[in-house]
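Spelled out from the first residue to the last, the chains are:
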Amino acid sequence: MSFSGRRPLSTSRKATMGAVSTGCIQAMFIDYNNKHDGDTRYDTICAYVISHANHCCDPSNRNRQKIYLLDEQIRHKTNCIRYIIEQETSVSGVASDDCDFIMGGHSIGAFMALKMLPQFKRTQFRHVILWAPTIVNLAQSDNGRRLNWLYSIGLLSLLPVLQTMVSRLIPKSLIHFLLEHGLYAKHKVVRDVTCTNSRSLSNVLRLAKDEFEIVRSLKETGVDKLLLEYKDKLIFYWAKHDGWAHRQCRLDICHLFDQQNDEQMQQVMHNRWIVDEDLKHALMVDDMSKNIEYRLSQRMISWIMDA
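Draft legend 1. Molecular detail of the overall build of the protein. Scanning the protein for helices and strands turns up twelve helices and eight strands. In the protein, buried positions account for 48% of the 307 residues. Approximately 15400 Å² of the protein is accessible, and the part contributed by carbon and sulfur atoms is 51%.

As structure tokens, then:
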């Protein structure tokens, strides 16, 4: 992972965001100069996106074809976030008081982000942003039920064969053709799923199975206590129609906060509970004409600047 440059201005402030993604984006950097109510709030905003271990190609085989389950993925993200904090403060020379950290998680990355919070001091993160968070009864979602049926008929036992077919036998051009229309950076997705060293397909499907078994009710996972403890730092961003972060997931969290619906939660969370009619769970597979990335970027910047 690489790190951005910075501007050694004694009067500047910097915001650093680390996002746990379900996709295969290695890193993203944003340098942003902005005036906020007439004053410079942040001289630089720097964002890092952390992919899951072995969900991307591993050409040097550093991970030795390892299968990473949920607890191991959480440790991987915790170590990455610690490293980013170290780079942005002690190594870079930016004082910790001059750098605000914001953590985010998409889908199962939201569950990971919440589980990581106790590993850091409470003041470490200014905000924790949860996009389409799959943090409640994942196996009971519409998509979870469908995939669980495949597991019930022996999908995992077929994984070695499927992995060999995808990585060695099926032409990459055919895989590229079969991928959903509008998918961002198809060539990278093809490279990742056909990479022999990382065994990406096996990692994705085994992690999904592990998620179904672990991500149960709020009380069973202890996420209820985390949501209540860190309520003042949380921003929820939901897709209104989501086959993974389902409506019951939202309702369970509403009830945890003694509320009955999205409208009441918006009031309690002071507009940090957003339900987007146009958002799709798989952000990078959405219709590019909707400008989802731009809208998300603008919303993220506004959250950071208004913090």
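Draft legend 2. Highlighting the nonpolar core. Grouped together as the largest cluster of nonpolar side chains are 53 residues, with contacts concentrated most on Leu 114, Phe 125, Ile 135, Leu 227, Leu 234, Phe 236 and Ile 253. Broken down by element, the residue count for this core peaks at seven residues, all from helix α2 (residues 108–116). Residues in contact with Leu 114, not counting those within four places in the same chain, are Leu 130, Ile 135, Val 223, Leu 226, Leu 227 and Leu 234. Among the nonpolar cores identified, the runner-up in size contains eight residues, and Ile 102, Ile 235, Tyr 237 and Ala 239 belong to it.

Draft legend 3. Looking closely at the state of the cysteines. With the rule as written, the count across this model stands at zero disulfides. Residue Cys 254 stays outside any disulfide, its sulfur separated by 9.8 Å from that of Cys 249, the closest cysteine. The class of Cys 254 is buried, set by a relative accessible area of 0%.

Draft legend 4. Molecular detail of the pattern of salt bridges. Overall, the coordinates contain eight salt bridges when judged by the stated rule. Between Lys 66 and Glu 72 there is a salt bridge, with the nearest N and O atoms lying 2.9 Å from each other. Overall, the relative accessible area of 33% leaves Lys 66 in the partly exposed class. A salt bridge links Asp 232 to Arg 122, with the shortest nitrogen-to-oxygen separation between them at 2.8 Å. Of the two residues, Asp 232 is situated in the loop between α9 (223–229) and β7 (234–239) and Arg 122 in the loop between α2 and β6 (125–131); the sequence distance between them amounts to 110 residues. Residue classification places Arg 122 among the partly exposed residues on the basis of a relative accessible area of 36%.

Draft legend 5. Fine view of helix α4 (residues 159–169). Where α4 is concerned, the buried positions are Leu 159, Gln 163, Val 166 and Ser 167. Burial along α4 is one-sided: seen end-on, the buried residues are contained in an arc of 85°. Of the exposed residues in α4, the ones pointing more than 90 degrees away from its buried face are Arg 168 and Leu 169.

Draft legend 6. Looking closely at the packing of aromatic side chains. In this structure the tally under the stated criterion is six aromatic pairs. Between Phe 120 and Phe 125, the aromatic rings sit 5.2 Å apart at their centres with planes inclined by 70°, giving edge-to-face as the arrangement. Considering the side-chain rings of Phe 236 and Trp 273, the 4.9 Å spacing of their centres and the 50° angle between planes classify their relative orientation as tilted. On the criterion of sequence distance, the pair formed by Phe 236 in strand β7 and Trp 273 in strand β8 (residues 273–276) is long-range, its members being 37 residues apart. In terms of burial, Phe 236 and Trp 273 fall into one category: buried. An aromatic cluster is defined as three or more aromatic residues linked by ring pairs; in this entry it consists of Tyr 151, Phe 212 and Trp 244. The ring centre of Tyr 68 lies 5.3 Å from the NZ or CZ of Lys 66, which sits over that ring. The lysine or arginine in question, Arg 82, covers the ring of Phe 120, its NZ or CZ lying 4.7 Å from the ring centre.

Draft legend 7. Representation of the packing of helix α3 (residues 142–152) against helix α7 (residues 200–214). Direction vectors running N to C along α3 and α7 enclose 110°, while the axes themselves pass 11 Å from each other. Between α3 and α7, the angle falls in the class roughly perpendicular. In this structure, the crossing between α3 and α7 has a hand that is left-handed. Of α7, the residues touching α3 (which contributes Gly 144, Leu 147, Asn 148 and Tyr 151) are Leu 205, Ala 208, Lys 209 and Phe 212. Partitioned by chemical class, the residues of the contact of α3 with α7 number five nonpolar, two polar and one charged.

Draft legend 8. The pairing of strand β5 (residues 99–106), seen in detail. With respect to burial, β5 is a largely interior element, eight of its eight residues being buried. By the alternation rule, side chains of β5 split into Cys 99, Phe 101, Met 103 and Gly 105 and Asp 100, Ile 102, Gly 104 and His 106, which are all buried. Between the parallel pair β5 and β6, the chain is carried across by α2, and the sense of this crossover is right-handed.

Definitions and limits used
- Residues numbered from 1 in each chain as written.
- Predicted model: local features only at pLDDT ≥ 70, side-chain atom pairs only at ≥ 80, totals over all residues.
- Heavy atoms only, no water.
- Helix = DSSP H or I, 4+ residues; strand = E, 2+ residues; numbered from the N terminus.
- Buried < 20%, exposed > 50% of the residue type's maximum accessible area, 1.4 Å probe, protein only.
- Areas by Shrake-Rupley, 256 points an atom, 1.4 Å probe, with all protein chains shown as cover.
- Core = buried A, V, L, I, M, F, W, Y, C linked by side-chain atoms within 4.5 Å.
- Contact = heavy atoms within 4.5 Å.
- Disulfide = S-S within 2.5 Å.
- Salt bridge = Lys/Arg side-chain N within 4 Å of Asp/Glu carboxyl O.
- Arc of directions from axis to C-beta.
- Phe/Tyr/Trp six-rings, centres within 6.5 Å; stacked < 30°, edge-to-face > 60°.
- Lys NZ or Arg CZ within 6 Å of the ring centre and 35° of its normal.
- Axes fitted to C-alpha atoms, helices over the stretch in contact; angles between N-to-C directions.
- Parallel < 35°, antiparallel > 145°, perpendicular 65-115°, else oblique.
- Left-handed = near helix turned anticlockwise from the far one by under 90°.
- Nonpolar A, V, L, I, M, F, W, Y, C, P; charged D, E, K, R; others polar.
- Right-handed = clockwise from strand over helix to strand, strands pointing away.

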